[in-house]
Amino acid sequence: MIILPYALGICLLALAISMLFCLYRLIIGPSIVDRLLALDTLFLNATCLVVLLGIYWASTNLFEGALLVAMLGFVSTAALARYFTTGHVID
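Small disclaimer: the values here were computed from a predicted structure and weren't measured.

Scoring rules and cut-offs
Residues numbered from 1 in each chain as written. Predicted model: local features only at pLDDT ≥ 70, side-chain atom pairs only at ≥ 80, totals over all residues. Heavy atoms only, no water. UniProt positions renumbered as here; feature names shortened; annotations may be inferred. Helix = DSSP H or I, 4+ residues; strand = E, 2+ residues; numbered from the N terminus. Buried < 20%, exposed > 50% of the residue type's maximum accessible area, 1.4 Å probe, protein only. Contact = heavy atoms within 4.5 Å. Axes fitted to C-alpha atoms, helices over the stretch in contact; angles between N-to-C directions. Parallel < 35°, antiparallel > 145°, perpendicular 65-115°, else oblique. Left-handed = near helix turned anticlockwise from the far one by under 90°.

Comments concerning the UniProt feature "transmembrane region" (unreviewed entry) in the chain
Within this structure's numbering, the places UniProt gives as "transmembrane region" (unreviewed entry) are residues 6-24, 36-59 and 65-85. The span residues 36-59 is 92% helix and 0% strand, and its two end C-alpha atoms sit 31 Å from each other. Secondary structure content for residues 65-85 is 100% helix and 0% strand, and the end C-alpha separation is 30 Å.

Looking at the environment of C22
Residue position: C22 is located in helix α1 (residues 4-28). In this structure C22 comes out as buried when scored by relative accessible area, which is 10%. C-alpha of C22 to C-alpha of L39: the two residues are 17 residues apart in sequence and 7.3 Å apart in space. In contact with C22, not counting residues within four places along its chain, are A38, T41, L42 and N45.

What to know about the packing of α1 against helix α2 (residues 32-57)
Across the interface, α1 lies against α2 with an axial gap of 9 Å and an inter-helix angle of 160 degrees. The angle between α1 and α2 places the two elements in the roughly antiparallel class. The way α1 lies across α2 gives a crossing that is left-handed.

Right, here's the structure in full:
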């Protein structure tokens, strides 16, 4: 009996629930810092989702997509944090 598809299904379900909670915090968050952290966590969850789907579908192309999502998430979070602290992104 192969347990990998069952484990991946449970992981995908947990990740979907986590993404829903992050989306809720992104929309309802009481402060801008909460929304920024929710956006960063949502990018991390999206990266994990792409990696899990790459494992599930046995495709190596999705891992490159996960790297792109991770880089985009890092740059956008850093730019938004800079904008919210100083009021501009580039000096």
